[in-house]
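Notes for the structure review
Single-letter residue listing:
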Amino acid sequence: MRAARTASLNLRERWKNRRPGVADAEEMRVWPLVLRSLALNLRSGMSLRESAQSLSCPEEHKRIGEDIRRFIRALETAAAWGLSPHLACEQVLDEDERSLRPHSRERLRDLSLSLRMSENAGAPLATSLERAAEHAEERIDALLGRQSALAAPRATGRILSWLPLIGLGLGMLMGSDPLSVLTGSVAGALAGLLGLALALIGRGWTARLMRRAEEESEGRSSPAAQPVRLGGHLAREPTGREARRFGSLGHTEACAPPGVDTALMLELLAAQLRAGLSPLSALTALAEALNSGQLRAICRRLQMGATWEAAWAGTATGSWGPLRDALAPAYTAGSPSAPLLRALADAQRLSERRAAERAAGKLSVALVVPLGLCSLPAFICLGIVPILISLLPTLTG
């Protein structure tokens with residue numbers, strides 16, 4: 001018996017390590033730990049190759065450990081050939097993206113963007129790694145906040161999905177045989193079919209509500225994030241000769257690339273401005289780092305002499321709206337925009353936390369509908385009706 005239990009646990013652990021599913025918080029914290037260790041080695045005077053070779057991964061997190069070892073090997077290769085460190089991230093993403101855990105993919109994308117922007121500003125590699133580690137910890141804290149907000153309604157949804165089976169078990173505990181009643185008469189069969197149909201509908205309905213709440217809490221429910229308005233400086237849409245001369249990007253092209261963290265993008269731009277770059281240079285560096293055709297077009301229009309409003313034509317409702325509004329004072333009047341960008345990044349994170357709280361509240365209310373229309377009637381059909389049918393001969397006899 002003990003050997004069978006041990007074999008079962010080993011198979012479960014092996015399957016858990018094989019599947020590229022969502023990592024838990026303890027696994028996710030390995031990434032910022034490795035990045036901070038790498039930055040500490042660099043600050044101690046070690047070369048990049050020596051720093052990467054001295055890193056080690058915790059053995060208890062095998063899946064994340066495999067992802068990090070791939071990154072370390074790619075980083076050693078890049079350092080040996082004298083290549084830019086961000087190429088190590090891109091190499092791992094290009095070669096092993098499907099086998100990586102989702103959290104590892106997100107960390108490598110953010111790290112690649114951070115390294116490319118920091119190289120453009122001339123920031124030390126250790127500083128870039130520490131900034132990437134801080135951002136990873138903030139993302140983990142945000143994830144834990146979303147999970148905590150949705151924990152109670154998610155547990156309620158699971159209980160509701162099992163309520164019809166609980167009704168069957170309750171009937172057996174009361175001494176009746178609900179299965180034989182449901183299969184031994186026409187009325188019982190009709191009640192059983194109706195209860196089973198309601199149970200399946202309620203289970204699917206509850207699952208959809210929970211999935212929608214998770215998407216809303218992560219900000220994936222709308223195609224473009226709504227701009228955060230700070231300072232009241234909003235660019236106007238160009239009209240007439242300006243719009244005809246420089247064209248329009250179109251509302252459908254005004255969104256940031258998918259998978260890009262808006263808060264990280266704003267913080268990196270703030271770091272570029274603090275390093276002494278002009279708004280146009282910082283924007284050009286962001287366009288190259290993101291490989292964004294829309295931002296490149298904006299930068300070309302600004303270099304051709306377009307006004308700030310004309311260059312950003314068609315971006316009033318897109319994800320670029322906060323970025324455009326924050327950089328406008330620096331470009332048009334020379335005002336410092338770095339504090340505004342940091343405030344926008346903080347507002348973005350606060351908006352994500354508030355979205356998780358709103359999604360949890362909406363889910364708690366929405367679960368009442370499948371409870372009343374599906375789960376409780378299925379409970380009655382599968383649990384209460386068989387008891388009443390079995391008692392009818394006694395009551396009428």
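Rules used throughout
- Residues numbered from 1 in each chain as written.
- Predicted model: local features only at pLDDT ≥ 70, side-chain atom pairs only at ≥ 80, totals over all residues.
- Heavy atoms only, no water.
- Helix = DSSP H or I, 4+ residues; strand = E, 2+ residues; numbered from the N terminus.
- Buried < 20%, exposed > 50% of the residue type's maximum accessible area, 1.4 Å probe, protein only.
- Contact = heavy atoms within 4.5 Å.
- Areas by Shrake-Rupley, 256 points an atom, 1.4 Å probe, with all protein chains shown as cover.
- Core = buried A, V, L, I, M, F, W, Y, C linked by side-chain atoms within 4.5 Å.
- Axes fitted to C-alpha atoms, helices over the stretch in contact; angles between N-to-C directions.
- Parallel < 35°, antiparallel > 145°, perpendicular 65-115°, else oblique.
- Left-handed = near helix turned anticlockwise from the far one by under 90°.
- Nonpolar A, V, L, I, M, F, W, Y, C, P; charged D, E, K, R; others polar.
- Patch = residues over 30% accessible without salt bridge, like charges linked within 9 Å, V, L, I, M, F, W, Y side chains within 5 Å.
- Salt bridge = Lys/Arg side-chain N within 4 Å of Asp/Glu carboxyl O.
- pLDDT = per-residue confidence, 0-100.
- Expected span 1.5 Å × (residues − 1).

To continue, consider the overall build of the chain. A tally of helices and strands in the chain yields 18 helices and zero strands. Within the chain, buried positions represent 44% of all 397 residues. Within the chain, residue pairs in contact and separated by at least 24 positions form 74% of the contacts whose partners lie at least 6 positions apart. In the form shown here, the chain has an accessible surface area of approximately 20600 Å², with 57% of it arising from carbon and sulfur atoms.

This part covers the nonpolar core. Soluble, globular proteins show a tendency: their nonpolar side chains are buried together. Among the nonpolar cores identified, the biggest contains 36 residues, and Leu283, Leu286, Leu295, Trp312, Leu323 and Leu341 are the most heavily contacted of them. Among the nonpolar cores identified, the runner-up in size contains 30 residues, and Val34, Ile64, Ala88 and Leu93 belong to it.

Time to look at the packing of helix H12 (residues 262-274) against helix H13 (residues 279-290). How two helices sit against one another is set out by the angle between their axes and by the gap between those axes. Running from N to C, H12 and H13 point in directions that differ by 140 degrees, and their axes come no closer than 9 Å. The angle between H12 and H13 places the two elements in the oblique class. Every pair of crossing elements has a handedness; the one defined by H12 and H13 is right-handed. Of the residues in H13, those touching H12 at Met265, Leu269, Gln272 and Leu273 are Pro279, Ala282, Leu283, Ala285, Leu286 and Leu290. Partitioning the contact of H12 with H13 into residue classes produces nine nonpolar, one polar and no charged.

This next bit is on a nonpolar patch on the surface. Residues Trp81, Leu83 and Leu87 make up a contiguous nonpolar surface patch of roughly 350 Å² in combined accessible area. Residue placement: Leu83 occurs in the loop between helix H5 (62-80) and helix H6 (86-96). Accessibility expressed as a relative area gives 45% for Leu83, which makes it partly exposed.

Turning our attention to the confidence of the model for the chain. Overall, the predicted model of the chain reaches an average pLDDT of 77, with 80% of residues at or above 70. Within the chain, the lowest mean pLDDT, 42, falls on helix H11 (residues 241-246), and the highest, 91, falls on helix H3 (residues 30-43). Taken as a whole, residues 9-21 scores under 50 in pLDDT and shows 14 contacts with residues more than four places along the chain or in a different chain. Per-residue pLDDT stays below 50 along residues 221-256; that stretch engages in 74 contacts with residues further than four places along the chain or on separate chains.

A word on unusual backbone geometry. Its identity as a non-glycine residue notwithstanding, Asn291 has a phi of 55 degrees, on the positive side. Structurally, Asn291 can be placed in the loop between H13 and helix H14 (293-303). Owing to a relative accessible area of 56%, Asn291 belongs among the exposed residues under this scheme.

With 32 residues, helix H10 (residues 186-217) should reach 46 Å at 1.5 Å per residue; the first-to-last C-alpha distance of 46 Å fits that figure. Among all positions in H10, only Gly188, Ala191, Gly192, Gly195, Leu198, Ala199, Gly202, Thr206, Leu209, Met210, Ala213 and Ser217 are buried.

It is worth spelling out the environment of Arg73 at this point. Along the chain, Arg73 falls in helix H5. Separated by 19 residues in the primary sequence, Arg73 and Val92 place their C-alpha atoms 9.4 Å from one another.

This part covers the pattern of salt bridges. Taken as a whole, this structure holds 17 salt bridges when the rule is applied. Across the pair Asp346 and Arg349 runs a salt bridge, and its minimum N-O distance is 3.8 Å. Residue Asp346 and its partner Arg349 are both found in helix H17 (residues 338-366); the two are separated by three residues, about one turn of the helix. Looking at Arg349, the relative accessible area reads 12%, which means it is buried. Within this structure, Glu106, Arg107, Asp110, Arg139 and Glu352 form a network of salt bridges that share partners.

Another aspect to go through is the environment of Ile72. In this structure, Ile72 sits in helix H5. Residues Ile72 and Arg49 lie 23 residues apart in sequence; the distance between their C-alpha atoms is 9.3 Å. Aside from chain neighbours lying at most four places away, what touches Ile72 is Ala52, Leu55 and Cys57.

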